[in-house]
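Chain residues, written in single-letter form:
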Amino acid sequence: MKAIELRNKYLNFFKRHGHKIIPSAPLIPENDPSVLFNTAGMQPLVPYLLGEKHPEGTRLTDYQKCIRTNDIDEVGDNRHLTYFEMLGNWSLGDYFKEESIKMSYEFLTKELEIPAEKLSVTCFGGNETLGKDEEAAKYWQEAGIPKERIYFLKDNWWIAGETGPCGSDTEIFYDTGKPKCSPECNPDCDCGKYVEIWNNVFMEFFKDEKGNITPLEQKNVDTGLGLERVNMLLQGKQTPYETEIFAPIMEKLEELQKVDEIESRRIVAEHLRSSMMIISDGGRPSNIDRGYVLRRLIRRMIRHLNKLQINLEELPKLIELNIENLKEMYPELVENKETIKNVIIEERDKFQKTLVHGEREFTKQMNKLKEEGKDTLIGEIIFKLYVTFVFKPEVTVYLERENGLISAKNEFEKLYKEHQALSRQGSEQKFKGGLADQNEKTISYHTATHLLHQALKIVLGDHVKQSGSNITEERLRFDFTHPQKMTPEEIKKVEDLVNEQIQRDLKVTCEEMSYDEAKESGAIGLFTNKYGDRVKVYTIGDFSKEICGGPHVEHTGDMGTFKIKKEESSSSGIRRIKAVLIK
Ligand code: SER
């Protein structure tokens, strides 16, 4: 089965079950400046989930074009995609858990003929106010999933960002047949045995800015099934690049390349598709927000074409081939063919000019600083050029070619890593739909994040750098650079150190200063990419000093007991901690 057949099967199945098929909304949200792109099927439907009447009724089904760029640097591996399609069925105050679960099971086992024993599910494990979702589990059992393959997880709660419609969810996993990585291995494990294919959210609540959760006027169902992933699994393929969505472009790249580099081929194929879809929906490259995302996608693609040593004059042909291959799924690509070509070619030419201009500027600055004997400073200057010109690998190669610029290269790499972490955080914030809401709980978690950051540096070493964080009322998530799994002893030490600071009831103070002063003062953390900016530095007693926007608690004493719930790999060289504060 091809992806388009899977999509049609899905839409028709739900049509037979009384749903109206509605078209995908464009990738660029209409009238919603708070998000860059549609990142989930529910986003364009929020008003209807909140109670507004949908002209097509209370049962809808669709495919939604989505872009998620938080993991853009992971693209090239065997699974991350920036563009993907989410199939969904919607109940707007119509059916609820029972029918939703029954239909999902029927679709997977009857329509797609997935053997039932390949399916496992997870249900909401309960929290302080809501019990375990025994009801969903019961319906799964009635449908045909035995108890042993039904798992209860506390994380099974879905909300797009920080506020809005939300509820518990039940997630469906496909067993790839790989051996269990440990006796405890279950769908919550990311070893690759279990792959999430579908998420059914029972949206019956609303979370406001203060963190209050109240019942919605109607009980909704929002489901999302990842098309590329299910397509890949049904075809028994290991990566989406082997399916018909990417195979023709991958083959063409292989034919044209002079250097054999599979990651680069994947990056080119993936970013080309995303760029085409964004341009087709009206996006244009620029230096801010969604335009910058598109610019990065195109420029990253071009860099990897260069890496493969494919002549950039081949680009129009590659675009045409991709449109030809995808036109059945996205007829709009044919309509917008000339625009897509023009925009990408124009950006290619701009990028090439930038490289020439950047290189000239680079040499000029470098010679000047060399004369003055300021080797490390070159790193900073180069970094500024990188921010303006977006050509990191070229910079690195340049610095490597030049003799005696080791410290410049190190300085540049350091600044680059910090910048990466910051932009990742920035985009996480954007995708959250504005800044996280602030209440007592989230503020405490925010302060706990600083304590954790410093404790990790003390216990593991100074190489620990924050590479992302996310806070909800229930927990904090903290990503940081560290090459290996933490030992139980290290985890315990970090917990103890954080709890010790909480017990010391340290005073938290905030000062405003210039970035340079902040750096001088020994503050850790991210810095803005605009030089000369004033930043806020939060100091927690004698323990932590970090650049941050705040807000924070005034004293640490009331935060509760800090406990690390999970320590896992986030991506290569990056660990992820989930931790809670228990009062
Ligand atoms: N909103 C849920 C998700 O994005 C289900 O569609 O996973």
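Above: the structure in question.
Below: a short report on this structure.

In this section: the pattern of salt bridges. Evaluation of the coordinates by the stated rule reveals 29 salt bridges. A salt bridge links Lys578 to Asp155, with the shortest nitrogen-to-oxygen separation between them at 3.2 Å. Of this pair, Lys578 sits in strand E16 (residues 574-582) while Asp155 sits in the loop between strand E5 (150-153) and strand E6 (157-159), and the two are 423 residues apart along the sequence. Since its relative accessible area comes to 45%, Asp155 is described here as partly exposed.

In this section: the sheet that holds strand E11 (residues 476-481). Within a sheet, neighbouring strands are paired by backbone hydrogen bonds and run either parallel or antiparallel to one another. A sheet is described by the order of its strands in space; here four strands give the open sequence E10-E11-E16-E15, paired in antiparallel fashion. In this open sheet, the two strands that pair with only one neighbour each are strand E10 (466-471) and strand E15 (561-571). Strand-to-strand twist across the sheet, computed as the mean angle between neighbouring axes with direction ignored, equals 20 degrees. The sheet contact formed by E11 and E16 spans six bridges and is antiparallel. If you follow Arg477 over to E16, its bridge partner there is Lys578. Sheet strands touched by helix H15 (residues 440-460): E10, E11, E15 and E16. Its angle to E11, the strand with the most contacts, is close to 30 degrees. The strands that helix H16 (residues 488-503) touches are E15 and E16; relative to E15, the one it contacts most, it runs at about 140 degrees.

Moving on to the packing of aromatic side chains. For the structure on display, the rule yields 15 aromatic pairs. Taking 5.6 Å as the distance between ring centres and 55 degrees as the angle between the ring planes, the aromatic pair formed by Tyr10 and Trp198 counts as tilted. In this pair, Tyr10 is assigned in helix H1 (residues 3-16) and Trp198 in strand E8 (residues 194-207), connecting sequence segments 188 residues apart. No difference in accessibility class separates Tyr10 from Trp198, as the two residues are buried. An aromatic cluster of at least three residues, connected via ring pairs, comprises Tyr10, Phe13, Phe14, Phe107 and Trp198.

Definitions and limits used
- Residues numbered from 1 in each chain as written.
- Predicted model: local features only at pLDDT ≥ 70, side-chain atom pairs only at ≥ 80, totals over all residues.
- Heavy atoms only, no water.
- Salt bridge = Lys/Arg side-chain N within 4 Å of Asp/Glu carboxyl O.
- Helix = DSSP H or I, 4+ residues; strand = E, 2+ residues; numbered from the N terminus.
- Buried < 20%, exposed > 50% of the residue type's maximum accessible area, 1.4 Å probe, protein only.
- Pairing = 2+ DSSP bridges.
- Axes fitted to C-alpha atoms, helices over the stretch in contact; angles between N-to-C directions.
- Contact = heavy atoms within 4.5 Å.
- Phe/Tyr/Trp six-rings, centres within 6.5 Å; stacked < 30°, edge-to-face > 60°.

Remember that the coordinates give geometry; whether it matters functionally is a separate question.
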